[in-house]
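As a plain string of letters, each chain reads:
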Amino acid sequence: MEPEIQERIEKTVRKILEESDMEKMTEHKIRKQASDELDLDLSDPPYKAFVRQVVQSFLEQQKQEEEQEEEEEQEEEEEQGGRRKEYDDDGDLIICRLSSKRRVTIQDFRGKTLVSIREYYSKEGKELPTSKGISLTEEQWSTFKKNVPAIEKAIKKMESQM
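Cut-off values and rules
- Residues numbered from 1 in each chain as written.
- Predicted model: local features only at pLDDT ≥ 70, side-chain atom pairs only at ≥ 80, totals over all residues.
- Heavy atoms only, no water.
- Patch = residues over 30% accessible without salt bridge, like charges linked within 9 Å, V, L, I, M, F, W, Y side chains within 5 Å.
- Areas by Shrake-Rupley, 256 points an atom, 1.4 Å probe, with all protein chains shown as cover.
- Salt bridge = Lys/Arg side-chain N within 4 Å of Asp/Glu carboxyl O.
- Lys, Arg positive; Asp, Glu negative; His and termini not counted.
- Charge placed at Lys NZ, Arg CZ, Asp CG, Glu CD.
- Helix = DSSP H or I, 4+ residues; strand = E, 2+ residues; numbered from the N terminus.
- Axes fitted to C-alpha atoms, helices over the stretch in contact; angles between N-to-C directions.
- Parallel < 35°, antiparallel > 145°, perpendicular 65-115°, else oblique.
- Contact = heavy atoms within 4.5 Å.
- Pairing = 2+ DSSP bridges.
- Phe/Tyr/Trp six-rings, centres within 6.5 Å; stacked < 30°, edge-to-face > 60°.
- Lys NZ or Arg CZ within 6 Å of the ring centre and 35° of its normal.
- Buried < 20%, exposed > 50% of the residue type's maximum accessible area, 1.4 Å probe, protein only.
- Polar contact = N/O pair within 3.5 Å; in protein donor to acceptor, adjacent residues only side chain to side chain.

## Observations regarding a negative patch on the surface
Now for step 1: Taken together, the side chains of Glu 65, Glu 66, Glu 67, Glu 69, Glu 70, Glu 71, Glu 72, Glu 73 and Glu 75 define an acidic patch exposed on the protein surface.
Now for step 2: Within the secondary structure layout, Glu 70 lies in helix α3 (residues 45–79).

Rendered as structure tokens:
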């Protein structure tokens, strides 16, 4: 089989796989669709074997990517003290609790991601946010993070003056 044809078949089969519902797709359906798109009979044994190889390679790659994502999520959980992700009543991700009444959350507000550091109060079994706090856009949060060393330095300097 010519390298140019192999490349065209692989590209077409991968495109089909990426766009397909993997629960419903079979190797036969992939081969048939690729045959139609390429105007080439892929049921001949060498083509059939090559399509099978491309499908298996794709599935192995998908499996590796899923495993890597799971590992990254697990590492992220471990970095956060081994705890599961926690969400508040509004569906905002709770990053950490600074005290019994203060917490850091990530929320989506009008299409913008915000980091909120806010006080909460309890009412009828629900924890509700107060107006005491601040919500930072991603850009503001980034600026804040860059300046944390300067803040820490200023705190140490003030503490040493006391």
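## Some words on the packing of helix α4 (residues 138–146) against helix α5 (residues 148–161)
Now for step 1: As a packed pair, α4 and α5 sit with axes 4 Å apart at the nearest point and diverge in direction by 45 degrees. The pairing of α4 with α5 is recorded here as oblique in orientation. Within the contact between the two elements, α4 uses Phe 144, Lys 145 and Lys 146 and α5 uses Val 148, Pro 149 and Ile 151.

## Details of the environment of Asp 92
Now for step 1: One can find Asp 92 in the loop between β1 (86–87) and β2 (93–97).
Now for step 2: Separated by 48 residues in sequence, Asp 92 and Gln 140 place their C-alpha atoms 19 Å apart.
Now for step 3: Apart from residues lying up to four places away in sequence, Asp 92 is in contact with Glu 86, Tyr 87, Thr 105, Ile 106 and Gln 107.

## So, the sheet that holds strand β4 (residues 112–123)
Now for step 1: Spatial ordering of the open sheet is given by β1-β2-β3-β4-β5, a layout of 5 strands whose pairing is antiparallel. The open sheet has two edge strands with one neighbour each: β1 and β5 (126–137).
Now for step 2: Sheet strands touched by α4: β4 and β5. Its angle to β5, the strand with the most contacts, is close to 75 degrees.

## Quick look at a nonpolar patch on the surface
Now for step 1: Together, Phe 144, Ile 151 and Ile 155 line one region of the surface with nonpolar side chains, adding up to about 250 Å² of accessible area.
Now for step 2: Within the secondary structure, Ile 155 sits in helix α5.

## Brief notes about the packing of aromatic side chains
Each aromatic ring pair is described using two quantities: the centre-to-centre distance and the angle formed by the ring planes.
Now for step 1: Counted according to the given criterion, the structure contains 1 aromatic pair.
Now for step 2: In this structure, Arg 103 is placed above the aromatic ring of Tyr 120, and the distance from its NZ or CZ to the ring centre is 3.9 Å.

## Some points on the pattern of salt bridges
Now for step 1: Inspection of every chain in the model, using the stated rule, returns 9 salt bridges.
Now for step 2: For Arg 14, the salt bridge goes to Glu 10, with nearest N and O atoms at 3.6 Å. Of the two residues, Arg 14 and Glu 10 both sit in helix α1 (residues 3–19), 4 residues apart, roughly one turn of that helix.
Now for step 3: The class of Arg 14 is buried, set by a relative accessible area of 18%.
Now for step 4: The exposure class of Glu 10 is partly exposed, given its relative accessible area of 33%.
Now for step 5: Of the charged contacts, one joins Glu 127 and Arg 97 as a salt bridge, the two residues approaching to 3.5 Å between their closest N and O atoms. Remark: Arg 97 occurs in strand β2 and Glu 127 occurs in strand β5; sequence separation between them is 30 residues.

## Considerations on the side chain of Ser 116
Now for step 1: Tracing the backbone shows Ser 116 in strand β4.
Now for step 2: Relative accessible area serves as the criterion here: at 1%, Ser 116 is assigned to the buried category.
Now for step 3: Here the side chain of Ser 116 touches Ser 135 through a polar contact of 2.6 Å, side chain to side chain.
Now for step 4: Apart from the residues within four sequence positions on either side, Ser 116 is in contact with Arg 103, Val 104, Thr 105, Gln 107, Ile 134 and Ser 135.

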